[in-house]
Amino acid sequence: MLKRLALVVLLAALAGAWYLALPTRALSLPPLPPGLEEPLRGAIHVHSRRSDGTGEVGEIAAAAARAGLDFVVFTDHGDATREPDPPQYREGVLCIDAVEISTSNGHVLALGLSPAPYPLAGEARDVIEDIARLGGFAIAAHPGSNRPELRWSDWDVPLAGLEWLNADSEWRDESGWSLARALFTYPIRTTETIVSLLDRPTGTLRQWDELTKRRRVVAIAGTDAHARIGVRSLGEPYVNGSSIHVPSYERMFRAFSNALPGVTFSGDAAADAQAVLAAIRAGHVYATIDGLGGPAVLSFTATSGTATAAAGDVLPLGGPVTLRIAMQAPERARMEIVKDGGVLETRTGAAVEHVVEAAPASYRVEVLLPAAPGEPPVPWMVSNPIYVGRDATDAVPSDTRPRPSRFAVQYRDGPVTGWTVETSPASLGALDVVKKVSGTQLSLRYGLGGAASSSPFAAFVMPAGSELSGYDRLMFTARANRPMRVSVELREPGGAAGERWHRSVYLDPTEHEITVYFDDMTPRGVTSRPQPTLANVQSILFVVDTVNTPLGGNGTVWIDDVRYAR
Ligand SMILES: [Zn+2]
Ligand SMILES: [Zn+2]
């Protein structure tokens, strides 16, 4: 009898603890205010079994359909050389194929690009340039990850977008206790449990606000759904199989979504995918944490004189600016207008008008709920900014360094002296002087062979000479028989293979004049200093390797007019 009583008390205590640990139930919303329309919603950044996810595209689409989503942007890991699957409707959900590329500065989602002619990899500045050249849109994935190798580390590159929220990063920064509690409450309030692990990504939001003071940068919420809790190995390829399929795709899709106001679907998958990608590029997208309540609707527009803009747009200045925010939200929701990263105004209510001065600034809106989880609490809704009085072209700052006035020619016409070829064991390289319309040029032929693990390369090596240290850049004209990247390297003696610093350059069948600034170079492998000491440099190398050239790849590069300049 006593034993049974003790058991009952124990069970009651467990039930009580479990109940107290339960995350708050999602809010129910008031009806949609007049004038607001339900947007299309979707998940961006989803992995399938093609990389390290656990579901097939069809299963994932079905999960998205059950969660009420209209589209899914798949981003399996890759180097962008694979032809993306054409957009298709599965289970009524538009499936768009994109890719997540690993760079040496973090992972980047590339949406809407045509297949790359060579593997995209290496430094972020080069991958971003390649994505733009291929017509794609680059979004920094999990930029604020607490794992250094996954964190974004180059904020000077012209990123088109970033993930202000990434569910995978959010899992990783939780304590053992909150993860244990999450497993405990997951079976009953699954979506709320997932959401209970979210915090405000303060650093990433601050970084975004810094960038949008200067140019347009679109922020989205990245699901990063794999449908697994597993031990992920550090690099790629990821190991499949040994993981629990929790949280499921459906539950992740119910936790939060990206809303695209103003987009309607025609049923034609190709046209609809274009519309989705165009809306994301334009920043016509806001994120909602649906596991807290909703999915809710938010509208953010602004007018100045006769001009009107929606979130994501540039608003030309034509007098005082009126910001208009409307939303479907419970009374306790708090709306914050963020101006250039600082909170300008806090309001409650379903519709707000706020007049601001006629001066350039970026304005965005966050909606906060008092019961939101996290320390600090995760925002419930996040709009993209309206860029008041800013340059609509998103011009990347051009190089302001002066044109060179002094040159030291290293090769132009005639025989070549002192150059050598270095290759890995099973690779080939041949250097020849060949005729040009007038004079001669250098032909560099390469073939990369051997095992990928042996890092095959072919390098064409020019003696640096004694003049190098009086100059600040290397200039040459070059073309290649197909689009490719060549690593231009300065080598100092030291260690077994010397110390090298490099800058990757893009070549294609059209002859271009290339300029490589020495102070733009970054270490290749481990070096004793971040930059070379020019007086110590013995050789300049033109290197073709498997960073951007596939194993077995071969071709020809022609270069001419090699000179130092300042
Ligand atoms: Zn990633
Ligand atoms: Zn990912």
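Refer to the structure presented above.
Let me begin by describing the structure that accompanies this report. Because the structure is predicted, anything quoted here is derived from the model rather than measured.

Conventions and cut-offs
Residues numbered from 1 in each chain as written. Chains lettered and ligands numbered in written order. Predicted model: local features only at pLDDT ≥ 70, side-chain atom pairs only at ≥ 80, totals over all residues. Heavy atoms only, no water. Helix = DSSP H or I, 4+ residues; strand = E, 2+ residues; numbered from the N terminus. Rg over C-alpha atoms; globule rule 2.2 N^0.38 Å. Buried < 20%, exposed > 50% of the residue type's maximum accessible area, 1.4 Å probe, protein only. Contact = heavy atoms within 4.5 Å. Areas by Shrake-Rupley, 256 points an atom, 1.4 Å probe, with all protein chains shown as cover. Phe/Tyr/Trp six-rings, centres within 6.5 Å; stacked < 30°, edge-to-face > 60°. Lys NZ or Arg CZ within 6 Å of the ring centre and 35° of its normal. Pairing = 2+ DSSP bridges. Core = buried A, V, L, I, M, F, W, Y, C linked by side-chain atoms within 4.5 Å. Donors = N, O, S within 2.8 Å, 3.2 Å for Na, K, Ca; no water. Tetrahedral: all angles 85-135°; square planar, octahedral: opposite > 155°, others 65-115°. Axes fitted to C-alpha atoms, helices over the stretch in contact; angles between N-to-C directions. Polar contact = N/O pair within 3.5 Å; in protein donor to acceptor, adjacent residues only side chain to side chain.

What follows is about the overall build of the chain. Scanning the chain from N- to C-terminus turns up nine helices and 34 strands. Compactness check: the chain gives a C-alpha radius of gyration of 27 Å against a globular reference of 24 Å for 566 residues, within 12% of the reference. Summarising its shape, the C-alpha atoms of the chain cover approximately 95 × 70 × 45 Å along the three principal directions. For the chain, buried positions account for 52% of its 566 residues. Across the chain, contacts joining residues at least 24 apart in sequence account for 72% of those joining residues at least 6 apart. When the accessible surface of the chain is summed, it comes to about 24,300 Å², and 55% of that surface belongs to carbon and sulfur atoms.

All right, on to the packing of aromatic side chains then. Evaluated as defined, the whole model comprises six aromatic pairs. Members of the aromatic cluster, each reached through a chain of ring pairs, are Trp-419, Phe-476 and Phe-542. We note Arg-401 situated over the ring of Tyr-517; from NZ or CZ to the ring centre the distance is 3.6 Å. For Arg-479, the ring lying beneath its charged end belongs to Trp-558, and the centroid distance is 4.2 Å.

The next thing to look at is the pairing of strand β28 (residues 473-480). Most of β28 sits inside the fold, with seven of its eight residues counted as buried. As defined by bridge partners, β28 adjoins strand β31 (residues 512-517) across six bridges and the pair is classed as antiparallel. When the bridges of β31 are listed, Thr-477 appears paired with Glu-513. Pairing of β28 with strand β34 (residues 554-565) involves seven bridges; the strand directions are antiparallel. Its bridge partner lying in β34, Arg-479 is registered against Trp-558.

In an α-helix there are 3.6 residues to a turn, and that puts residues three or four apart on one side. In terms of burial, helix α2 (residues 57-66) is a largely internal element, seven of the ten residues being buried. All buried positions along α2 are accounted for by Val-57, Gly-58, Ile-60, Ala-61, Ala-62, Ala-63 and Ala-64. Phi for Gly-68, located one or two positions after α2, is positive at around 85 degrees.

Another point: the nonpolar core. Leu-120, Trp-164, Phe-253 and Trp-380 are the most contacted members of the largest nonpolar core, which has 94 residues in total. In terms of residues, this core owes the most to one element, α2, which gives five residues. For Trp-164, the contacting residues outside a window of four places in its chain are Pro-201, Thr-204, Leu-205, Ala-219, Ile-220, Ala-221, Ala-287, Ile-289, Pro-379 and Val-382. Counting 38 residues, the second largest nonpolar core, distinct from the first, contains Leu-444, Ala-478, Leu-534 and Val-557.

With that settled, the discussion passes to the coordination of the zinc ion (ligand 1). Taken together, the protein ligands of the zinc ion (ligand 1) are Glu-100 (OE), His-107 (ND1) and His-142 (NE2), with distances of 1.9 to 2.2 Å. In primary sequence terms, the donor set of the zinc ion (ligand 1) follows E-x6-H-x34-H. In this model, the zinc ion (ligand 1) sits 3.4 Å from the zinc ion (ligand 2), the two metals being bridged by Glu-100. Here His-107, found in strand β5 (residues 106-111), pairs with His-142, found in the loop between β6 (137-140) and β7 (161-166); they are 35 residues apart in sequence, far enough to count as distant. The class of His-142 is buried, set by a relative accessible area of 3%.

Right, let's get into the coordination of the zinc ion (ligand 2). Around the zinc ion (ligand 2), the protein contributes the donor atoms His-45 (NE2), His-47 (NE2), Glu-100 (OE) and Asp-224 (OD), at 2.0 to 2.3 Å from the metal centre. Each of the four donor atoms around the zinc ion (ligand 2) contributes to a set of angles spanning 75 to 163 degrees, which defines the coordination as irregular. Along the chain, the residues donating to the zinc ion (ligand 2) are arranged with the sequence spacing H-x1-H-x52-E-x123-D. For His-45, a relative accessible area of 0% translates into the label buried. On the accessibility criterion, Glu-100 (0% relative accessible area) is buried.

The next point concerns the sheet that holds strand β30 (residues 499-507). Ordered by their spatial adjacency, six strands build an open sheet running β24-β27-β33-β29-β30-β32, and the pairing between neighbours is antiparallel. Each of the sheet's edge strands pairs with one partner strand only, and the pair in question is β24 (420-423) and β32 (522-524). Pairwise comparison of adjacent strand axes, ignoring direction, gives a mean angle of 35 degrees for this sheet.

With that out of the way, let us pick up the pairing of strand β4 (residues 93-103). Across a regular strand the side chains alternate sides, sitting on one face of the sheet and then on the other. Burial analysis of β4 places ten of its eleven residues in the buried class, the great majority of the element. Where strand β2 (residues 71-77) lies against β4, seven bridges are found, and the strand directions are parallel. The residue of β4 that forms the bridge with Val-73 is Ile-96. Between the antiparallel neighbours strand β3 (residues 88-90) and β4 lie two residues, among them Glu-91 with a positive phi of about 55 degrees. Sheet topology places β4 next to β5; five bridges connect them, and they run antiparallel. When the sheet's bridge partners are listed, Val-99 is paired in β5 with Ala-110. Hairpin remark: β4 followed by β5, antiparallel, with two residues in the connecting loop.

This part takes up the side chain of Ser-487. Here Ser-487 is to be found in strand β29 (residues 484-492). For Ser-487, a relative accessible area of 6% translates into the label buried. For Ser-487, the side chain forms a polar contact with the side chain of His-502, separated by 3.0 Å. One polar contact links Ser-487 to Arg-524, side chain to side chain, over a distance of 3.1 Å.

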